[in-house]
Amino acid sequence: PAQETSASSSMESLAAVIQTELGNHGDRILGNGVYGWSTRLNKIDDCRAELSVQTTNNRREASVRTETVRFSLGAIEPFSVELRKERLELPCARKETCISSTSTCSVRSSSGIVIDCATPSQKRVRSFVLEFDGDASAATQLERAFRQAVAICHVPQQVSF
């Protein structure tokens, strides 16, 4: 029980770091507001993470795509969490498809009417690329926090007989 409490409080601290860093650095806008995205951590609960990625495209008609991404931190390859410029890659262990996502889309017409682009779609993939604004300090914090969270979820539970 003491070990579980320690891991639980450590995970809560790591989730707070991830939420803060994504809250401060999870947005990016390109082309004078033509294209942008926002990444947020919704929750980490019992080694299960849920993130939300909202992508906006204002090229012709304004469209917003929202993707809800879910995965077990224990299914992520601990030694392959890798930082690349404005991206943090979270690959599944053994190249499995451990990350699921659900996407929805809406478009605002020039007359201001909002309609669904398509029916919600679901997919499973082998890795998730978390994008942020490129702040070097935030990148280091995110990488460290995700690696520690993955490590906590890879520690076997103690069993007493």
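Structure: see above.
Residues numbered from 1 in each chain as written. Predicted model: local features only at pLDDT ≥ 70, side-chain atom pairs only at ≥ 80, totals over all residues. Heavy atoms only, no water.

### Topic: the pairing of strand 4 (residues 62-72)
We apply this condition: In this description, strands pair whenever DSSP reports at least two bridges between them. Under the DSSP-based scheme used, a helix requires at least four consecutive residues in state H or I and a strand at least two consecutive residues in state E, with every element numbered from the N terminus.
Sheet analysis places strand 3 (residues 48-57) next to strand 4, joined by 10 bridges and oriented antiparallel. By the bridge assignment, Asn57 is partnered in strand 4 with Ser63. In sequence, strand 3 turns back onto strand 4 through a hairpin of four residues. Bridge count between strand 4 and strand 7 (residues 99-108): nine bridges; the pairing is antiparallel.

### A closer look at the nonpolar core
Rule in force here: Take the buried residues of types Ala, Val, Leu, Ile, Met, Phe, Trp, Tyr and Cys, join any two whose side-chain atoms come within 4.5 Å, and each joined set is a nonpolar core. Buried means the residue's accessible area, taken with a 1.4 Å probe over protein chains only, is under 20% of the maximum for its type, while exposed means over 50%, and partly exposed covers the values in between. Contacts were defined at the residue level, with two residues in contact if any of their heavy atoms lie within 4.5 Å.
Core analysis: the biggest nonpolar cluster contains 30 residues, and Phe71, Leu73, Leu130 and Phe146 have the highest contact counts within it. Among the elements of the structure, helix 1 (2-25), strand 2 (35-45), strand 3, strand 4, strand 6 (87-91), strand 10 (127-131) and helix 2 (136-154) are those that each provide at least two residues to this core. No other element matches helix 2, which puts seven residues into this core. When neighbours within four sequence positions are excluded, Leu73 is seen to be in contact with Met11, Ile44, Cys47, Ala49, Phe146, Ala149, Val150, Cys153 and His154.

### A few points about the side chain of Ser101
The criterion, for reference: We define a polar contact as two N or O atoms separated by no more than 3.5 Å, with the added condition that, inside protein, one atom must be a possible hydrogen donor and the other a possible acceptor, whereas residues neighbouring each other in sequence contribute only through side-chain atom pairs.
Tracing the backbone through its elements, the reader meets Ser101 in strand 7. Polar side-chain contacts of Ser101 include one of 2.9 Å to the side chain of Glu67. Those residues within four positions of Ser101 in sequence are excluded, and the remaining contacts are Glu67, Thr68, Val69, Ser121, Gln122 and Lys123.

### Examining the state of the cysteines
As a reminder of what qualifies: By definition, disulfides here are pairs of cysteine sulfur atoms that lie within 2.5 Å.
Using the criterion set out here, one finds two disulfides in the structure. Each sulfur in the disulfide pair Cys47 and Cys153 lies 2.0 Å from the other. Handedness here is read from the sign of the S-S torsion; for Cys47 and Cys153, about -95°, the answer is left-handed. A residue pair is termed long-range when its members are at least 10 positions apart, and Cys47 in the loop between strand 2 and strand 3 and Cys153 in helix 2 qualify at 106 residues. The disulfide bridge from Cys92 ends at Cys98, spanning 2.1 Å between sulfur atoms.

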